[in-house]
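Structure at a glance
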Amino acid sequence: MTTAAAHDRNAEAEREPLDALVDVLCQVETSLGRGAVRAVTAGVVRQRARQRRLAAELAEDPDVLRTGRPPAAIMVGKLLLALKQAGAEQLAAPVCGECGQLLRTLTFARRTWGCSRCVSSPSLAACTECGQERGAHARDRDGRPFCRTCFVDDDVAKLLADVVIGIAPEVNAGVVLGALERAHQRPVGRRQIAAAVVERPELLTGEGALAPVQGVLRFLDELRRAGATSVVVPPCPNCGRAKPLERPLGAVRVCSNCATKAGASICSRCGKQKPINHRDENGDAFCQYCWASDPRNLEVCVGCGNRRRVYGRTAAGPVCLRCRPRSERVCGICGRTGRGTISRATGEPLCDLCKGHWIVCSGCGDGGLVRGGTLKEPLCARCVNPDPDFWKRCRICNTTWQLTTAPCTRCSLDARLRKVFAADDGTIAPELDRLRERLVQVDRPIYAITWLRKANVQSTITAVVRENPQISHAALDAMPPSKTLDHFRSMLVSVGALEFRDEGLVRLERELKKTLDGYTPGEHPRALRGFILWHLMRRLRGRLQDKPASVQQIQNVRAHLAGADGLLRWLEGRDKSLSSCTQTDVDNYLSTKPAHPKKCSAFVRWAVRRRYAPKGITAPAIRWTGPAGPHDQDERWAVARRLLNDESVATADRVAGLLVLLYAQTASSIHRLTVDRVTQDDDHVLLHLGEKPIQLPAPLDRFMLDLVASRGTDTLIRHESDWLFPGRSVGQPIHETQLLRRLHAVGVKSRQGRSTALFALAQQLAAGQLAKMLGVHVGVAVTWQRASGGDWMTYAAAVAVRSATRAKPETAPSP
């Protein structure tokens, strides 16, 4: 749409169509005031689109206002009647289009109106039997008209029973007639169904899509329900799905979805192929959403003063959805005061927030929409009113108890998933169908529906379905990477549709390949490739032993890669190669303070060993020299006491924070803890951080058991993982960065808190015990022990003496 056209449309929207219609009427009617004409017109013609059409029609041909004769829209006749009753003098009263009789009430057909005798009289036709021009009372199977006197019922229903029994001998005549009565309420309709089937028996054996009347398909459904297994209910001839054939498309009947797609066109506003809801006076097509949101259909809300869609009209004027008049009540479930309705189940007020609130029923434990009770003890439909006759059933699953027969939330989710996961030919890949089955069974299907409504989710799934007939890791890797695609992949892995793989390691390999591809063939990419493949990755895979790589391990490889890549790029910028570089070149590069000097040094030493660089070149190795940084025991115990006593902090945050402050654990080790690390021995709770378990004191033991029992996840699919701290990605633990954010939010400084705890523990325990209990390296434990000033040099001798003393038998006392 051009800018000029949009400007004209907005300018047209600023003028109310009611004013344009009143202007046309006031050009003819001068006895009534403009205010009276406007009030009557607004009461008769309420829709803005209809006001606009009538204004354009009457402006083009105003003669009907003076003559009162059709053809014209029926709303024009109603408007003339209302204005004449209000005292209009110049406007003509509507008259019959056939006989010219003055009308007090309108009988109309299409764009004409008149008296009931002229408009509603039955069509005259020559009776087939007597030949007189009379009203056609009925027609036989061949369509010949008969008057009331000459018509004789040819008992087509008996012929129908013979035809059906000949195809489906498992039914009798009573079953056939009963199905016919249920298929149509009126005798005329039943005769049409019977005549169509008798004339074309093949409609019963699979060609029902060619039925001349809709009642034939209902008749087939009733026969199938009655036990006629030989009768075939046809699928949609267009898409092949077993759906009701509700609308004709040419010579056949198709499902409503195919008929809608066949009648779709390009919306002039959004440019999408959609069913057309309206066409304006210029012939431009609009879909339902674009026409409803078109500026011409917006009005100024008397409540907020904004131009919005009209939800209702009050005595003061139109109101939008937010400003519609609604009384505020105290909700019977949450106790809040707000706008809502009266629940038909309990007769108590129900606010808008609680109307769609999904809960786990406190009575039966099932999930569903809240129908009664309170937020602490919510109740589902069955527990609010156990009378099955009070509730209706979902028309699809016929099991969910609700107030309407509309599809329940779970069935609506299933329908959405089938539509989104279906390819162009209507089939669903086995991997996606397995994911659909798991998504339908989620605890809260409304969350899954909300997830599917997101634009990025819809576009990602559509791209996956259209571009990949078979879902695999390779097919997903070929698509543009995104967080939505990674989440979708994790869902497929969690349901078993795809095999598990270490995504962090895959992303690392992709980054390594991208770095290598940035070099031209030569000495440098050959050396870098050897350093990556035969040093970094080989050492990493040896340490993993089929376990997923940690965040620190991946970051360590990235740092080594960045250091090596930085040195090689620095040499290329000075027209030097790795084989010709000198110690001066290496020192000059290190003097520039690169981002990762330690990692660069590792590459230099490896290159010298592998003879990529000249012998004699050295690079300093930066090693850990021991504990550093401030230690604050008072702050450590203050935060620990708050975590032990503050009930407002989440259990997972309390446990993670106390593991840092009491047992010197890092976020990288905490986020990968599994539930099998927590065991119970009699009345004690044991936590295995290293080789030797730790007995947890109270109340930390209770916190740990609560976390194991109630550890939750924010994922849609419930995945029975072993992680003690599950994350948002299905089947994965909480990310280390997210855990650090949560610890910081509760006042735990991870690095300082761990150092302070390790400093204190090294004073109380020997290095060997510290290493076995906390899972740290024994060398690290010795370094911390020396830094803390602990003297455990005689610990081994003391243990040996104590063991020997316990083993020595007791001697009797001397007399």
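For the structure, check the block above.
Let me sum up the structure you'll find in this document.

Criteria and thresholds
- Residues numbered from 1 in each chain as written.
- Predicted model: local features only at pLDDT ≥ 70, side-chain atom pairs only at ≥ 80, totals over all residues.
- Heavy atoms only, no water.
- Phe/Tyr/Trp six-rings, centres within 6.5 Å; stacked < 30°, edge-to-face > 60°.
- Buried < 20%, exposed > 50% of the residue type's maximum accessible area, 1.4 Å probe, protein only.
- Patch = residues over 30% accessible without salt bridge, like charges linked within 9 Å, V, L, I, M, F, W, Y side chains within 5 Å.
- Areas by Shrake-Rupley, 256 points an atom, 1.4 Å probe, with all protein chains shown as cover.
- Salt bridge = Lys/Arg side-chain N within 4 Å of Asp/Glu carboxyl O.
- Lys, Arg positive; Asp, Glu negative; His and termini not counted.
- Charge placed at Lys NZ, Arg CZ, Asp CG, Glu CD.
- Helix = DSSP H or I, 4+ residues; strand = E, 2+ residues; numbered from the N terminus.
- Pairing = 2+ DSSP bridges.

**Observations regarding the packing of aromatic side chains**
On inspection of all chains with the given rule, the structure shows eight aromatic pairs. On the numbers, 5.2 Å between centres and 55 degrees between planes, the contact of phenylalanine 286 with tryptophan 291 is tilted. Of the two residues, phenylalanine 286 and tryptophan 291, both sit in the buried class. Here a set of aromatic residues connected by ring pairs shows up, and it is made of Phe531, Phe603, Trp606 and Tyr612.

**Describing a positive patch on the surface**
Residues Arg241, Lys261, Arg416, Lys419 and Arg453 make up a contiguous surface patch of positive charge. Note that arginine 453 resides in helix α18 (residues 445–453).

**Some details on the sheet that holds strand β25 (residues 678–681)**
Taken in spatial order, the three strands line up as β25-β26-β27 in an open sheet, and their pairing is antiparallel. Each having just a single partner strand, β25 and β27 (694–695) make up the two edges of the open sheet. Bridge count between β25 and strand β26 (residues 684–687): four bridges; the pairing is antiparallel. Within β26, the position partnered with aspartate 681 by the bridge is histidine 684.

**Overview of the pattern of salt bridges**
Overall, the coordinates contain 24 salt bridges when judged by the stated rule. A salt bridge links arginine 225 to glutamate 222; its shortest N-O distance comes to 3.4 Å. Of this pair, arginine 225 and glutamate 222 both sit in helix α11 (residues 215–225), three residues apart, roughly one helical turn. Residue arginine 225 is classed as exposed on the basis of its relative accessible area of 65%. Between aspartate 414 and arginine 418 there is a salt bridge, with the nearest N and O atoms lying 3.4 Å from each other. With aspartate 414 and arginine 418 both in helix α16 (residues 409–421), this residue pair falls four residues apart, about one helical turn. Overall, arginine 418 belongs to the partly exposed group, its relative accessible area being 40%. Linked through salt bridges whose partners overlap, the residues forming this network are Asp477, Arg489, Arg501, Glu503 and Arg510.

So far we have only geometry, and geometry alone does not tell us how the molecule works.
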